[in-house]
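Structure at a glance
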Number of protein chains: 4
Amino acid sequence: MSGNTFGRMFRVTTFGESHGGGLGVIIDGCPPGLPLGPEDIQPDLDRRKPGQGPLASARRETDVVTILSGVDAGVTLGTSIAMVFQNADARPKAYAELGGLFRPSHADFTYQAKYGRRASSGGGRASARETVARVAAGAVARKLLATHLGVEIVGWVAQVEDLCAGVEPSVTRAEVAANGLIQCPDAAMAARFVERIAKVRKDGDTVGGVIGCVARGVPPGLGDPVFDKLDATLAAAMISLPAAKGFESGSGFSGAQLRGSAHNDAFVPGPNGAVVTRTNRSGGIQGGISNGMPVTIRVAFKPVATHFKPQETVTEAGVATTFAAKGRHDPCVLPRAVVIVEAMMALCLCDAWLRQRGQVGERLV
Amino acid sequence: MSGNTFGRMFRVTTFGESHGGGLGVIIDGCPPGLPLGPEDIQPDLDRRKPGQGPLASARRETDVVTILSGVDAGVTLGTSIAMVFQNADARPKAYAELGGLFRPSHADFTYQAKYGRRASSGGGRASARETVARVAAGAVARKLLATHLGVEIVGWVAQVEDLCAGVEPSVTRAEVAANGLIQCPDAAMAARFVERIAKVRKDGDTVGGVIGCVARGVPPGLGDPVFDKLDATLAAAMISLPAAKGFESGSGFSGAQLRGSAHNDAFVPGPNGAVVTRTNRSGGIQGGISNGMPVTIRVAFKPVATHFKPQETVTEAGVATTFAAKGRHDPCVLPRAVVIVEAMMALCLCDAWLRQRGQVGERLV
Amino acid sequence: MSGNTFGRMFRVTTFGESHGGGLGVIIDGCPPGLPLGPEDIQPDLDRRKPGQGPLASARRETDVVTILSGVDAGVTLGTSIAMVFQNADARPKAYAELGGLFRPSHADFTYQAKYGRRASSGGGRASARETVARVAAGAVARKLLATHLGVEIVGWVAQVEDLCAGVEPSVTRAEVAANGLIQCPDAAMAARFVERIAKVRKDGDTVGGVIGCVARGVPPGLGDPVFDKLDATLAAAMISLPAAKGFESGSGFSGAQLRGSAHNDAFVPGPNGAVVTRTNRSGGIQGGISNGMPVTIRVAFKPVATHFKPQETVTEAGVATTFAAKGRHDPCVLPRAVVIVEAMMALCLCDAWLRQRGQVGERLV
Amino acid sequence: MSGNTFGRMFRVTTFGESHGGGLGVIIDGCPPGLPLGPEDIQPDLDRRKPGQGPLASARRETDVVTILSGVDAGVTLGTSIAMVFQNADARPKAYAELGGLFRPSHADFTYQAKYGRRASSGGGRASARETVARVAAGAVARKLLATHLGVEIVGWVAQVEDLCAGVEPSVTRAEVAANGLIQCPDAAMAARFVERIAKVRKDGDTVGGVIGCVARGVPPGLGDPVFDKLDATLAAAMISLPAAKGFESGSGFSGAQLRGSAHNDAFVPGPNGAVVTRTNRSGGIQGGISNGMPVTIRVAFKPVATHFKPQETVTEAGVATTFAAKGRHDPCVLPRAVVIVEAMMALCLCDAWLRQRGQVGERLV
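Conventions adopted
Residues numbered from 1 in each chain as written. Chains lettered and ligands numbered in written order. Predicted model: local features only at pLDDT ≥ 70, side-chain atom pairs only at ≥ 80, totals over all residues. Heavy atoms only, no water. Helix = DSSP H or I, 4+ residues; strand = E, 2+ residues; numbered from the N terminus. Rg over C-alpha atoms; globule rule 2.2 N^0.38 Å. Buried < 20%, exposed > 50% of the residue type's maximum accessible area, 1.4 Å probe, protein only. Areas by Shrake-Rupley, 256 points an atom, 1.4 Å probe, with all protein chains shown as cover. Least-squares fit on C-alpha atoms with pLDDT ≥ 70 in both. Contact = heavy atoms within 4.5 Å. Polar contact = N/O pair within 3.5 Å; in protein donor to acceptor, adjacent residues only side chain to side chain. Core = buried A, V, L, I, M, F, W, Y, C linked by side-chain atoms within 4.5 Å. Pairing = 2+ DSSP bridges. Buried area = accessible area lost by both parts, 1.4 Å probe. Salt bridge = Lys/Arg side-chain N within 4 Å of Asp/Glu carboxyl O. Nonpolar A, V, L, I, M, F, W, Y, C, P; charged D, E, K, R; others polar. Axes fitted to C-alpha atoms, helices over the stretch in contact; angles between N-to-C directions. Phe/Tyr/Trp six-rings, centres within 6.5 Å; stacked < 30°, edge-to-face > 60°. Expected span 1.5 Å × (residues − 1). pLDDT = per-residue confidence, 0-100.

In this section: the overall build of chain A. Each helix and strand in chain A was counted, giving 10 helices and 18 strands. Over its C-alpha trace chain A gives a radius of gyration of 21 Å, about what one expects of a compact globule, namely 21 Å for 365 residues. Principal axes of the C-alpha set define a box for chain A whose edges measure 65 × 50 × 40 Å. The 365 residues of chain A split such that 65% are buried. Just so you have it, chain A exposes about 11100 Å², and 53% of that area is on carbon and sulfur atoms.

Overlaying chain B on chain A yields an RMSD of 0.0 Å, the required transformation being a rotation through 180° with an accompanying axial translation of 0.0 Å. The symmetry that links the two subunits is that of a two-fold axis. Most of the interface of chain B is mirrored in chain A, where 100% of its interface residues are also at the interface.

Before going further, it helps to spend a moment on the side chain of Thr76(B). Relative to the helices and strands, Thr76(B) resides in strand β6 (residues 75-76). For Thr76(B), the side chain forms a polar contact with the main-chain oxygen of Pro31(B), separated by 2.8 Å. If near-sequence neighbours (up to four positions away) are discounted, Thr76(B) is found in contact with Cys30(B), Pro31(B), Pro32(B), Gly33(B), Leu34(B), Leu36(B), Gly70(B), Val71(B), Ile81(B) and Arg117(C).

This part covers the nonpolar core. Phe10(A), Phe10(B), Phe10(C) and Phe10(D) are the most contacted members of the largest nonpolar core, which has 334 residues in total. Apart from the residues lying within four places of it in its own chain, the contact partners of Phe10(C) are Ile27(C), Asp28(C), Gly29(C), Cys30(C), Ala137(C), Val140(C), Ala141(C), Leu144(C), Leu347(C), Cys350(C), Asp351(C) and Leu354(C). Core analysis: the next-biggest nonpolar cluster, separate from the first, contains 20 residues, Val214(A), Val154(B), Val210(B) and Ala256(B) among them.

Another aspect to go through is the pairing of strand β7 (residues 81-85) of chain D. Residues and elements named next belong to chain D. Of all 5 residues in β7, 5 are buried; the element is thus mostly enclosed. With burial as the criterion, each face of β7 is covered, one bearing Ile81, Met83 and Phe85 and the other bearing Ala82 and Val84. Pairing analysis gives 3 bridges linking strand β4 (residues 66-69) to β7, with the strands arranged antiparallel. Its bridge partner lying in β7, Ser69 is registered against Ala82.

In this complex, chain B contributes 112 residues to the contact, which on the side of chain A involves 112 residues. Contact between chain B and chain A buries roughly 8600 Å² in total, counting both sides, with carbon and sulfur atoms accounting for 59%. Summed over the shared surface of chain B and chain A, the number is 8 salt bridges. Close ionic contact of Glu161(B) with Arg259(A) constitutes a salt bridge, the shortest N to O distance being 2.7 Å. Put simply, chain B and chain A have 41 residue pairs in polar contact (both at pLDDT 80 or more) between them. In terms of residue class, the side of chain B that touches chain A is made up of 47 nonpolar, 38 polar and 27 charged. Taken together, the 3 bridges between strand β11 (residues 244-249) of chain A and strand β11 (residues 244-249) of chain B define a ladder with antiparallel strand orientation. Within the sheet, the bridge partner assigned to Phe247(A) lies in β11(B) and is Phe247(B).

So, on to the interface of chain B and chain D. At the interface, 18 residues of chain B touch 18 residues of chain D. Together, the buried faces of chain B and chain D total about 1300 Å²; carbon and sulfur atoms form 56% of this surface. Summed over the three residues of chain B that lose the most area to chain D, namely Met9(B), Gly358(B) and Gln359(B), the buried surface amounts to 39% of that side. The tally of links from chain B across to chain D stands at 0 salt bridges. Linking chain B with chain D are 10 residue pairs in polar contact (both at pLDDT 80 or more). The residue inventory of the side of chain B that touches chain D, partitioned by class, reads 8 nonpolar, 6 polar and 4 charged.

Another aspect to go through is the pairing of strand β2 (residues 11-16) of chain A. On any regular strand, side chains alternate: one points to one face of the sheet, the next to the other face. Residues and elements named next belong to chain A. Where burial is concerned, most of β2 is hidden: 6 out of the 6 residues are buried. Pairing of strand β1 (residues 5-6) with β2, which is carried by 2 bridges, proceeds in the antiparallel orientation. In the strand pairing of β2, Phe6 is matched with Val12. In this sheet, strand β3 (residues 23-28) lies alongside β2 in antiparallel orientation, the contact comprising 6 bridges. Its bridge partner lying in β3, Arg11 is registered against Asp28. Adjacent in sequence and paired antiparallel, β2 and β3 are bridged by 6 residues, among which Gly22 carries a positive phi angle near 130°.

As a further point, take the sheet that holds strand β8 (residues 152-160) of chain B. Here we have 10 strands laid out as an open sheet, ordered β9(A)-β8(A)-β10(A)-β16(A)-β11(A)-β11(B)-β16(B)-β10(B)-β8(B)-β9(B), and antiparallel in their pairing. Edge strands, defined here as strands with exactly one partner in the open sheet, are β9 (163-164) of chain A together with β9 (163-164) of chain B. In terms of strand pairing, strand β10 (residues 209-216) of chain B meets strand β16 (residues 295-301) of chain B through 7 bridges, oriented antiparallel. Bridge pairing links Gly212(B) to Arg298(B) in β16(B). Those strands touched by helix α7 (residues 230-239) of chain A are β11 and β16 (295-301) of chain A together with β11 of chain B, and its axis lies near 155° from that of β11(A).

On to the packing of aromatic side chains, then. Applying the stated criterion to the full structure yields 24 aromatic pairs over all chains. Ring geometry for Phe15(B) and Phe15(C): centres 5.2 Å apart, planes at 25°, overall stacked. One end of the pair, Phe15(B), is in strand β2 (residues 11-16); the other, Phe15(C), is in strand β2 (residues 11-16), on a second chain. Here Phe15(B) matches Phe15(C) in class, with each residue buried. Between Tyr111(C) and Tyr115(C), the ring centres sit 5.9 Å apart and the planes meet at 65°, which makes this aromatic pair edge-to-face. With a gap of 4 residues between them, Tyr111(C) and Tyr115(C) both fall in helix α3 (residues 108-115), about one helical turn apart.

Before going further, it helps to spend a moment on the relation of the copies chain B and chain D. At an RMSD of 0.0 Å, chain B and chain D line up after a rotation of 180° and a shift of 0.0 Å along the axis. A high fraction, 100%, of the interface residues of chain B reappear at the interface in chain D, so the copies pair face to face through one surface.

Glancing now at helix α4 (residues 131-149) of chain B. Helical geometry: 3.6 residues make up each α-helical turn, so side chains three or four residues apart lie on a common side. Residue and element names in this part refer to chain B. If you check α4, its first and last C-alpha atoms are 25 Å apart, about what 19 residues at 1.5 Å a residue would give, namely 27 Å. Judged by how many residues are buried, α4 sits mostly within the fold: 14 of 19 residues are covered. One or two residues past the end of α4 sits Gly150, with phi positive at roughly 70°.

Another point: the sheet that holds strand β4 (residues 66-69) of chain B. All names here are of chain B. If you walk across this open sheet you meet the 5 strands as β1-β2-β3-β7-β4, and the pairing is antiparallel. Sheet topology places β1 (5-6) and β4 at the edges, where each strand pairs with a single neighbour. Packed onto the sheet, α4 meets β2, β3 (23-28) and β7 (81-85) and runs at close to 35° relative to β3.

Moving on: unusual backbone geometry. Notably, Glu161(A) is not glycine yet its phi reads approximately 50°, a positive angle. Checked against the element boundaries, Glu161(A) lands in the loop between β8 (152-160) and β9. For Ser105(C), which is not a glycine, the phi torsion comes out positive at approximately 60°. Mapped onto the fold, Ser105(C) is located in the loop between α2 (92-96) and α3.

Further remarks concern the confidence of the model for chain A. Here chain A averages 92 in pLDDT, and 92% of its residues register 70 or above. Per the prediction output, this complex has pTM 0.96; the corresponding ipTM is 0.96.

Residue and element names in this part refer to chain A. Applying the stated rule across the entire model yields 108 salt bridges over all chains. Its salt-bridge partner being Glu161, residue Arg196 comes within 2.6 Å of it at the nearest N-O pair. Of this pair, Arg196 sits in helix α6 (residues 187-202) while Glu161 sits in the loop between β8 and β9; the two residues are 35 residues apart in sequence, bridging distant segments of the chain. The residues Arg196 and Glu161 share a single accessibility class, namely buried.

Okay, structure coming up:
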């Protein structure tokens, strides 16, 4: 009830704090019989890991997964899977030194307002380190989807500040990886992204952007009517990410500028008796249910709140003061967030698939 | 599980189809002691009602609420509230005449793909008529929020096609209503919206746009960490609306273009010991929890799928054909959707408030 | 959240009050393609109906089902099914005449204590009339289970006051019906039950008893580990019935008196490679999961609270007074409750089946 | 969805296996500001611990709690609490030696049937060791209830095989502890319980019994109508315990033998304007909602499935064989299960309290 669980049939519960004794994730409802080991999960964790290059924070975190339960002889049992991560580099004092002030645009104030207290040693559950647990669960969902349905999920950095990349929905993960850690398949723009982020770092500032993501091979029929539409679930999943401020499905905000005659996706006969659409402004979802076309979304992230310029704020006692962050922080989290967006996409699709299989059976899935 | 329920503490379940024997809504968890009668609900229903002027469809629907249970002597009992609506103008044949083709960008194909069949007499649960039930529930939530917390929720049409209105977050409902059914407080732009929609209607086409919505007086502390963040819940609520394709909280996609030093909201001492922010790019939500500033969102709607130009499509048998809609349809649903967006905002806030009161008690709410 | 919903994949939400404008039930998650009409539901409603003979209350209620949505051309659509019932014989004054006193062992006091008010015109949601909605939903679940899995559910009156019937788990519904409305397949004991209830009625008193129920043909594998065990779900389902005070699965309380060597069910090879148990003290459930043997339960019901002898009680103002019920009331609800117990069994099994099919697929179901 | 979560507002998720890398529990929704440390939890864990005397198994398990998150400076933060336990004495081979046979009346067969595989190294999630997590969560709930509402929960061994103790609902925990590890306040019967269990152990057999539990100080108004009645929730909680076969609330099965005139609890004016009942056959719950009287339940446990006599069973291949357990096992788990029953009672009450506070506010709680 206080928010640590996502999904209905493929249920994910994350736990732990950024600077405590570790964190982890429990997956409830994973089908049995899936070959699963750390080697399926670690690559995604590595893509999320900080300290990987000049673009990223130099903090070291040991994002090494330990599978505690739910897997036996390398295969999922069907019972709940628990995975845990150590917090290797806990530095509680770094945060304590902030004293009682509220860092602007962090969750310090709202946690204090909500609970009447907050973690003394870091962001608590608001820390972006919580997403390590999401990525691990997402890797399991991704493997299930790939194994059972042939689904492929690819995300990329689509925009940094005002710079926009041109990316086709047929993009492969290899293309995304081709330009290094920046996670952008548009080589020219990838270089400009890197350059821009380096400049922002030098300025002691931070920068936001947009991540695009596509899921191909999603069968028609996933998502439920009314409130549990597939796009509604994706919206919640994405906006639940730290710093996410906007979500688009298919044509998104630009679709609002089109007329119906220009926006509608014509149905045409496809291969093997399938029905496909000539265009995909619907983003693979119509009436909240997948139609078999690629599921396409975009997620806007605000710039990281921690920059090095002096800022106005107040203390817990309500006294005006100023604050300037110290230490090392990411000027841009977009490249590391790509795998997190993919993970949330995988969790949504996996949950919708199991719900559909439960209600309708395997005939139609 | 198949999607007809929204919320955890203030739970709303809608039921019924557009062309069957009626539809309705059940509210589970409404606090007892709230004075409530049809007069609290009907005005919102009337704002949603079609056939109100030259902008709208001429179909008549009798959106008159009957409170079936949960209210006694004009006051809520605390037990579940059931409200029902008759379907006065059922015309099952109008849809049957479509034969077995899939209307482009409707849910015909995806329902068929999901369930192996679909309602013969209309959009079934995918019909936008389902939102009458949301509006009725939202009116109850709105009254609760106003009565207990002094929350005020105001929505407006912010954009039609490429035309954008200038609207301040201090806008009142009276200002929104001042320019007639178009629901836009910017008088000059309201006139242009009306003109544009009339032109689109004459073209036999349809048009989309953006709705803005603000909730003022929301206490700090609503929303839960991680997955049930207030903005994540709002995102799901809004994207679950028919034709919604995009969601923004606070600065949204434009925030992705700012640097951290320009985006952060400075905390400053406010009246009566409160902490306020100098700007509100966070949209009243930080770390997924309300901070006491106005909660601001924007929702993008694609153009209505039903227009009168010929379209390519296929039949259930997979044969290519063409389709041109007949009858009367809204060229633009934005004005009618304003109250629906407000209703979903109210449902999200009411649920978050009861969850917060349950966990933390009344001291901090 | 305030309790009107049961199940996860096959979700049932009931609504309405005993003396308001009607009541009903929504089924969310019903598989598509099930032939369904009132004729599948009415027979179970008729078994629950009062006023059927000398054993029962003479109040008339019109328990005629109307299917409002979710069924098209006699087949379920997969979208939510809404069924409604009129309240034909509302007599709000009958209850208003009670004035402000709390009827002993009714829910009058607890509803007042919980909500600070209560329905003026009857038991509100605490009325046993609410079970008409459960029976209707149970009939749908029963048909699904019979059609897809061949499950057969049979309940009977096993005990009235101190009189106990001898009933084998192989009992058929025809045998239960053979002795009339009393719903007991043990002919000799059925006659004594009738005689005893007639005597209790003459005394102006009421009497409780025990209902037994068996589900045959349940496949192995239904139920989930830890908290959602099949027997735990059945326990909640049964104890949620009005007047239910005890629940047993398999050997129940008598099993507590056996030693392990006498209680364990030996596994033996069964027909067609199946594994069966020589005895069935486990009641078809081991570790919370069905094992393929008949699922057997027993439910104890206290005597109806409304009898005609004078009783001590207090008024809302806390003043001691006496109360003696008037009008016509059932001296024993056991015969009418048999179909309600069966309905709750069906709802539990149907939900567990869809959950299992979702997680594990159809291979093993 | 596969069962590892209990509760709605005070949500408990347990994880881990008996012989893997450890297990734990997450509490979601715990109110902030509760002083909490291992010292609040360890005493209850110690009461559950095996190997405490001649009555119990000699296996050593290290049930020492580590609070991983959610507590800061000795006080709950309001965010989720994670507690973990090491598995000190893992002996995977002990189970592997069983080969592929199904131990009678264990969950071996049903897990295999459900998932198509099962843990090779023990009972997996079906192991009673999982209850260590429930006890830890229950200790938190118990402290919350005691601190905020003054609730006191006391359980005891009420019956062993056919021996029944006489215990009043006013029993204290000190009285229960007075007769040693047997957890029975009736000194004479406690001695006979000990004697009986010793004899059963000598016979290489096991024995079941009944646990009674009372919660005093529960405010009126907890529990929700229809499906989430307080007694229905308690029934699910108790029957979800390993080896539980029966549940009674208040008069239970014996109440089914009384007439209404003998069973009803007369209301009488109580101290300070309260309304109390002269008797308490309702067990503190009427219409599913607490009435302020002591909440009383009884839970029947079958004898432990692992005894040392030879038993018929089959192998995974379906071949008949015999099985005789080796090693050390409890002949009677009742004394250790007392604290587990108390824990589940605490979880149910705590969840119902927060739900009530959420919906109705603090005025009435």
